[in-house]
Amino acid sequence: CTVLHENGHALFPNGSPEAGRIGGEALGIIDEVKAEITYRALIPEMIERGGIEGSEKEWALGMLGRVLQQLRDQPEGDFYFYDAVYPLNCLIESGAVTFTENKLQIENIDLYYETMKNAAREVLKLYEDEDMNEEKAKKWIQKRCKANKTVAEVADFIKTVKIQ
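Predicted model, so just to flag it, every value in this text is computed and none were measured. (Residues numbered from 1 in each chain as written. Predicted model: local features only at pLDDT ≥ 70, side-chain atom pairs only at ≥ 80, totals over all residues. Heavy atoms only, no water.)

S.K.: What exactly am I supposed to notice about the nonpolar core here?
M.R.: The nonpolar side chains of soluble globular proteins are, as a tendency, buried together. With 50 residues, the main nonpolar core has I30, I43, L71, Y86, L88, Y112 and W140 as its most contacted residues. Residue assignment for this core shows that the elements contributing at least two residues are α2 (17-22), α3 (24-48), α4 (56-73), α5 (79-94), β1 (97-100), α6 (109-128), α7 (134-144) and α8 (149-158). Residue contributions to this core peak at ten residues, all from α3. Setting aside anything within four residues of it in sequence, one finds Y86 in contact with V33, I37, A119, E122, V123, W140, R144 and C145. (Core = buried A, V, L, I, M, F, W, Y, C linked by side-chain atoms within 4.5 Å. Buried < 20%, exposed > 50% of the residue type's maximum accessible area, 1.4 Å probe, protein only. Helix = DSSP H or I, 4+ residues; strand = E, 2+ residues; numbered from the N terminus. Contact = heavy atoms within 4.5 Å.)

The following block contains the structure:
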């Protein structure tokens, strides 16, 4: 996942005019969210073309594990906390993933990846918006990267789990 995430930073890299419109701390946050969400959207195609091994379900579970690790280990407000919250917010809002009785469940694998594609498009549109500025970017972060009620419950729960 790390190499795939790092490749995502090459899309609208820092120093590009598109990144410059976002600016400031908002750019740091959105850059991490972008790097994380863009590779997630491409997993089915990478598997189909033989670029990576494993099934869509295995990758989806692995990516959920990464989200849980980040929710557990990163403080709220950390750039990596946001890049975990955003995809999980999207997955739960779409119904692709549910959290009931302290269990995170993928309900629909096709919807999971369609949600990731839509989420990636949403983030890339921030860079493509010629009227984007740091204030608008901060508002997007507040709206889309703050843990929704269910994601907040997941974050609270995962912090109580003892890992041996």
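S.K.: Honestly, the packing of aromatic side chains in this entry has me stumped. Any pointers?
M.R.: Working definition: an aromatic ring pair is given by the centre-to-centre distance plus the angle between the planes. Taken as a whole and assessed by the stated rule, the structure comprises four aromatic pairs. Relative to Y127, the ring of F12 has its centre 5.1 Å away and its plane inclined at 10 degrees; by these criteria the two rings are stacked. Taken together, the residues span a long stretch of sequence, with F12 in the loop between α1 (2-8) and α2 and Y127 in helix α6 at a distance of 115 residues. Between Y86 and W140 the ring centres are 5.2 Å apart and the planes differ by 55 degrees, which places this aromatic pair in the tilted class. In this pair, Y86 is assigned in helix α5 and W140 in helix α7, connecting sequence segments 54 residues apart. On the basis of relative accessibility, which here comes to 10%, the residue W140 falls in the buried class. (Phe/Tyr/Trp six-rings, centres within 6.5 Å; stacked < 30°, edge-to-face > 60°.)

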